[in-house]
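Summary of structural features
Here are the chains, one letter per residue:
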Amino acid sequence: MEIQKRAKQYVLSTQGDSNLVTSLFVAAMAVIAIAVSINLFSRITLVQNLNQMAQQVAREISLEGAVNVRVEQRLESLEEMYQLDTELEVRGNYYTGTRKLHLQSEFTVILTHRRQENFMGLGGDKTYVVKAAGIAEQYHKGHG
């Protein structure tokens, strides 16, 4: 009982001694700062990983000159490596009725990743979109 009485007296003290209150405030702010830093770091890392994936897929498409099975396999291996689920869209100048790109034509890889985010009770479904560009380097016989 004596300890509780002294603690109550210390907290309710009007002598200007606010060390306890200041310490609690500083500790709370430190915890919030760490939580914000971790959240921000995870988002930055996610975007960097998505950019890396998009660039590697763009390079694969450049070499293949098409969006084919090899490109899809490359994307799957990258998704497994980075532990991300993405949607792939490739905008470019295709030969009619195929997924083959014209030689030396520019294309854009768009990767989309959706994840559920919750930070301090706030959040929801967040969509991340990254783009990478390339030029088709493969000639396809019978076209062009």
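Residues numbered from 1 in each chain as written. Predicted model: local features only at pLDDT ≥ 70, side-chain atom pairs only at ≥ 80, totals over all residues. Heavy atoms only, no water.

When its secondary structure is counted, the protein chain shows three helices and three strands. Reading the helices (α) and strands (β) of the protein chain from amino to carboxyl end gives α-α-α-β-β-β. Burial status across the protein chain gives 26% buried among its 144 residues. Put simply, 57% of the contacts in the protein chain that link residues at least 6 apart link residues at least 24 apart. Within the structure as shown, the protein chain displays about 10,200 Å² of accessible surface, and the carbon and sulfur contribution to it stands at 54%. (Helix = DSSP H or I, 4+ residues; strand = E, 2+ residues; numbered from the N terminus. Buried < 20%, exposed > 50% of the residue type's maximum accessible area, 1.4 Å probe, protein only. Contact = heavy atoms within 4.5 Å. Areas by Shrake-Rupley, 256 points an atom, 1.4 Å probe, with all protein chains shown as cover.)

On to the packing of aromatic side chains. Going through the model one piece at a time under the given rule, you end up with zero aromatic pairs. The ring of Tyr128 is capped by Lys126, whose NZ or CZ atom sits 5.5 Å from the centre of that ring. (Phe/Tyr/Trp six-rings, centres within 6.5 Å; stacked < 30°, edge-to-face > 60°. Lys NZ or Arg CZ within 6 Å of the ring centre and 35° of its normal.)

This part covers helix H2 (residues 19-64). With 46 residues, H2 extends 67 Å from end C-alpha to end C-alpha; this agrees with the ideal 68 Å at 1.5 Å per step. Among the residues making up H2, those that are buried are Asn39, Leu46, Leu50, Met53, Ala54, Gln56, Val57, Ala58, Ile61, Ser62 and Glu64. (Expected span 1.5 Å × (residues − 1).)

A few words on the pattern of salt bridges. Taken as a whole, this structure holds four salt bridges when the rule is applied. Linking Glu137 and Arg59 is a salt bridge whose minimum nitrogen-to-oxygen distance equals 2.9 Å. A residue pair is termed long-range when its members are at least 10 positions apart, and Glu137 in the segment after strand S3 (122-135) and Arg59 in helix H2 qualify at 78 residues. With relative accessibility at 40%, the residue Glu137 sits in the partly exposed group. (Salt bridge = Lys/Arg side-chain N within 4 Å of Asp/Glu carboxyl O.)

The phi dihedral of Gln83 is positive, around 55 degrees, even though this residue is not glycine. Here Gln83 lies in the loop between helix H3 (69-82) and strand S1 (87-92). Despite not being glycine, Gln104 has its phi angle at roughly 65 degrees, a positive value. By the element assignment, Gln104 lies in the loop between S1 and strand S2 (106-119). Residue classification places Gln104 among the exposed residues on the basis of a relative accessible area of 54%.

Before going further, it helps to spend a moment on the nonpolar core. Counting residues in hydrophobic clusters, the biggest one holds 22 residues, and the most contacted among them are Ile61 and Val109. Contributing elements (two or more residues each) for this core: H2, H3, S2 and S3. Here the element with the most residues in this core is H2; it accounts for seven residues. For Ile61, the contacting residues outside a window of four places in its chain are Ala66, Val67, Val71, Val90, Leu101, Phe107 and Val109. (Core = buried A, V, L, I, M, F, W, Y, C linked by side-chain atoms within 4.5 Å.)

Function cannot be read off these values alone, since they describe shape.
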